[in-house]
Amino acid sequence: MFDLFNSLGLTLIVLIIIVSALPTSVRIVNQYQRAVLLRFGRFVTVLEPGLRFIWPYGIDRTMYVDLRVATIDVSGQDIITKDNVPVSINAVVYFQVSNPELAVLNVENFRQATTLLAQTLLRSVLGSHELDDMLSEREKLSKVLKDELDKSTESWGVRVVSVEIKSVDLPEGMKRAMAKQAEAERERRAKVISAEGEYQASQKILEAASVISQNSSGLMLRMLQTLTEISVEKNSTIIFPMPMEIMEFFKAKTLEITQNQANQDKEK
């Protein structure tokens, strides 16, 4: 009987140990996660998604790592450009953990480390370029930042997907100066276009005058057409210069009529 009680007590103790250990020995790893397994503080393996069992009572310890793409908002970074213009840069960094083991063992907090490194590289890389490059070559500078950041975070098991420069904020004085410069450039282009138009028009007028001058009838028709266009405006008085060709025409007709009259008088 005593042995029976001892057996039941031992069984009960084992059951209590198993039941109490069960919650601490079961791990569920989601599809978008990986769990780094440490046994007595030493790295063992990376647990894949699914239901996993580990040693309880602190023998095994798991550290979860999210493998989804995450973002870092790098905003309000004050930078002095290569041409000594103070600007404020806002950027976004997209990154992803590619090696959970390195992300846990090689850096204390990979997200914070990536954020601080992104801020430092943003100042150093963009500070070596002029303002015009920042405004006109954002895609090129974003690629340079992405490559530099990805190279530095590779040892942390972090892969930088992309870096996007959201905005470049300028001082108010610089904005006004750039607005005046843009306005002056637009006025210059307008004057150049107007001058080119006048030059082309004068060339066409010169060609037309050359063609009309070769035929007096053409000149007459052009003048009559101009008179017709002016009359449409319903002006009360039209002063139209009489060309010499018309006067010579009437003069010849008058002389011809006079000669005919004189010949008729002689025949009588």
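Residues numbered from 1 in each chain as written. Predicted model: local features only at pLDDT ≥ 70, side-chain atom pairs only at ≥ 80, totals over all residues. Heavy atoms only, no water.

### Observations concerning the sheet that holds strand β2 (residues 33–39)
Point 1. Strands sit in the order β3-β2-β5 across an open sheet of three strands; the sheet is antiparallel. Here the strands that pair on one side only, and so sit at the sheet edges, are β3 (42–47) and β5 (60–66). Ignoring strand direction, the axes of neighbouring strands in this sheet form an average angle of 25 degrees.
Point 2. By the bridge criterion, five bridges tie β2 to β3 in an arrangement that is antiparallel. The partner of A35 across the bridge, within β3, is L47. (Pairing = 2+ DSSP bridges. Helix = DSSP H or I, 4+ residues; strand = E, 2+ residues; numbered from the N terminus. Axes fitted to C-alpha atoms, helices over the stretch in contact; angles between N-to-C directions.)

### Quick notes on the packing of aromatic side chains
What describes a pair of aromatic rings is the distance from one ring centre to the other and the angle between the planes of the rings.
Point 1. By the definition in use, this model includes one aromatic pair.
Point 2. With centroids separated by 6.5 Å and ring planes inclined at 75 degrees, the aromatic side chains of F95 and F110 adopt a geometry described as edge-to-face. Remark: F110 occurs in helix α3 (residues 110–126) and F95 occurs in strand β7 (residues 86–97); sequence separation between them is 15 residues.
Point 3. Its end group placed over the ring of Y32, R68 keeps NZ or CZ at 3.9 Å from the ring centre. (Phe/Tyr/Trp six-rings, centres within 6.5 Å; stacked < 30°, edge-to-face > 60°. Lys NZ or Arg CZ within 6 Å of the ring centre and 35° of its normal.)

### Looking at the pattern of salt bridges
Note that side chains of opposite charge can pair when their charged atoms are close.
Point 1. In the structure shown here, the tally under the stated rule is five salt bridges.
Point 2. In this structure, the salt-bridge partner of R39 is D60, at a minimum N-O distance of 2.7 Å. Of this pair, R39 sits in strand β2 while D60 sits in strand β5; the two residues are 21 residues apart in sequence, bridging distant segments of the chain. (Salt bridge = Lys/Arg side-chain N within 4 Å of Asp/Glu carboxyl O.)

### Brief notes about the side chain of R27
Point 1. Of note, R27 is situated in strand β1 (residues 26–29).
Point 2. A polar side-chain atom of R27 sits 3.0 Å from a polar atom in the side chain of T62.
Point 3. The residues contacting R27, other than those within four sequence positions of it, are G50, L51, R52, I54, T62 and Y64. (Polar contact = N/O pair within 3.5 Å; in protein donor to acceptor, adjacent residues only side chain to side chain. Contact = heavy atoms within 4.5 Å.)

### Describing the side chain of T62
Point 1. Structurally, the position occupied by T62 is in strand β5.
Point 2. T62 has contacts with R27, A35, V36, L37, L47 and I54, leaving out every residue within four places of it along the chain.

### Re the nonpolar core
Point 1. Formed by 29 residues in total, the largest nonpolar core has its most connected members in V87, I89, V93, L126 and L149.
Point 2. The leading source of residues in this core is α3, at seven residues.
Point 3. Setting aside residues no more than four positions away along its own chain, V93 makes contact with A70, T71, I72, V74, A118, L149, V160, S162 and V163.
Point 4. By size, the runner-up hydrophobic cluster in this structure holds seven residues, among which are L67, V97, A103 and V104. (Core = buried A, V, L, I, M, F, W, Y, C linked by side-chain atoms within 4.5 Å. Buried < 20%, exposed > 50% of the residue type's maximum accessible area, 1.4 Å probe, protein only.)

### Observations concerning unusual backbone geometry
Of all residues except glycine, most have a negative phi; of all peptide bonds, most are trans.
Point 1. With phi around 55 degrees, F40 is a residue other than glycine that occupies positive phi space.
Point 2. By the element assignment, F40 lies in the loop between β2 and β3.
Point 3. Since its relative accessible area comes to 66%, F40 is described here as exposed.
Point 4. Backbone geometry at N84 places phi at a positive 60 degrees, although glycine is not the residue there.
Point 5. Here N84 shows up in the loop between β6 (70–80) and β7.
Point 6. Classification of N84 as exposed rests on a relative accessible area of 63%.

### Topic: the environment of S152
Point 1. Note on placement: S152 falls in helix α5 (residues 138–153).
Point 2. Here S152 falls in the partly exposed class, since its relative accessible area comes to 31%.
Point 3. When the C-alpha atoms of S152 and T114 are compared, they prove to be 9.0 Å apart, with 38 residues separating the residues in sequence.
Point 4. Looking at S152, its side chain comes within polar contact range of the main-chain oxygen of E148, at 3.1 Å.

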